[in-house]
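Inside the fold
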Amino acid sequence: MSKEAPRGLSRRSLLKASASVAAGVAATAQAATISGVPQWLPFDHNGPLHYDAKGWQFLTTDEARELEAIAEQLIPADDLSPSGKEAGCAVFIDRQLAGQYGTYERLYQQGPFVPDIEPGSEQLPRERYRLGLEQLGKHCQQAFGKRFSELNSEQRDEVLKGLESGEVTFEAIESKVFFTQVLQNTMEGFFADPIYGGNRDMVSWKMLGFPGARYDYRPYIDRHNEKLDLIPLSIVGSSAWNRKG
């Protein structure tokens, strides 16, 4: 007596069906052929904002002038490097305030938080700078009859020390909070990658001997106790990395 063939898919039918589906997918798939050097820039999908834009992006001209004076006093020029103003620290801060840092867009500020740990300030960085610079102007006018940028070096130091200690009082913002914010951001601007607007001409990296964002150190691995004098490189790289021909 012969047995009936099992119902359902046989191995041969299954393979044939799978091959048909694969052929259909291949026929409908959209593919792109790239020839030459791909047209892309660093951080295309998530780039630093405004790093190549001209002019002030958030600060007013008056605010920028005062902030440059603060940066110049915090990092004065000497025989090792130019001042914080010349290095573009105010430009760095302006770009940060114009971007997501200025609004804390990427800072998680929803609870629950660990008790006794301050999750942040009710004031955004943009608000701190706007209020702080306004109050700084009022204080300098009352104390000296001048803007901060018009004071001599000794007077500027006096004002900044008053902000740092809290002896100078502001309205709507603590002077110590404003000073800490500006000091931190000025240091960041002085040492950050030039792509963000500060560290102009990589002056701080050259001062420190920092080689920058180099992707390959293999030629130097075996060179011990030797001063290499590598030219610092920004995140954007070097023109020598571009493919020739």
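The following paragraphs examine the structure supplied in this document. (Residues numbered from 1 in each chain as written. Predicted model: local features only at pLDDT ≥ 70, side-chain atom pairs only at ≥ 80, totals over all residues. Heavy atoms only, no water.)

Right, let's talk about the environment of K176 for a bit. Position of K176 relative to the elements: it lies in helix 7 (residues 175-191). Discounting residues that sit within four places of it in the chain, K176 has contacts with L163, E164, S165 and G166. (Helix = DSSP H or I, 4+ residues; strand = E, 2+ residues; numbered from the N terminus. Contact = heavy atoms within 4.5 Å.)

Our focus in this paragraph is the nonpolar core. The biggest cluster of nonpolar side chains holds 27 residues, and the ones touching the most others in it are L67, I70, L136, F148, L163 and F178. Those elements that place two or more of their residues in this core are helix 2 (61-74), helix 3 (89-98), helix 5 (125-144), helix 6 (153-165) and helix 7. Element by element, the count of residues in this core is highest for helix 3, at 5 residues. I75, A87, F190 and V203 belong to the second-largest nonpolar core, a separate cluster that totals 6 residues. (Core = buried A, V, L, I, M, F, W, Y, C linked by side-chain atoms within 4.5 Å. Buried < 20%, exposed > 50% of the residue type's maximum accessible area, 1.4 Å probe, protein only.)

Right, let's get into helix 3. An α-helix turns once every 3.6 residues. As a result, residues three or four positions apart point the same way. With 9 of 10 residues buried, helix 3 lies mostly within the body of the structure. Of the residues making up helix 3, those classed as buried are C89, A90, V91, F92, I93, D94, R95, L97 and A98. Each element contacted by the buried residues of helix 3 is listed here: helix 2, helix 4 (100-103), helix 5 and helix 7.

The next thing to look at is a nonpolar patch on the surface. Taken together, L80, M187, F191, M207, L208 and F210 make up a surface patch of nonpolar side chains, about 580 Å² in accessible area. Its relative accessible area of 40% is what places F191 among the partly exposed residues. (Patch = residues over 30% accessible without salt bridge, like charges linked within 9 Å, V, L, I, M, F, W, Y side chains within 5 Å. Areas by Shrake-Rupley, 256 points an atom, 1.4 Å probe, with all protein chains shown as cover. Salt bridge = Lys/Arg side-chain N within 4 Å of Asp/Glu carboxyl O.)

Another point: the environment of E150. The topology assignment puts E150 in the loop between helix 5 and helix 6. The class for E150 is partly exposed, based on a relative accessible area of 42%. In this structure the C-alpha to C-alpha distance between E150 and C140, which are 10 residues apart in sequence, comes to 9.4 Å. Only 2.9 Å separates the side chain of E150 from the backbone nitrogen of R147, close enough to count as a polar contact. (Polar contact = N/O pair within 3.5 Å; in protein donor to acceptor, adjacent residues only side chain to side chain.)

In short, shape yes, function no, at least from these values alone.
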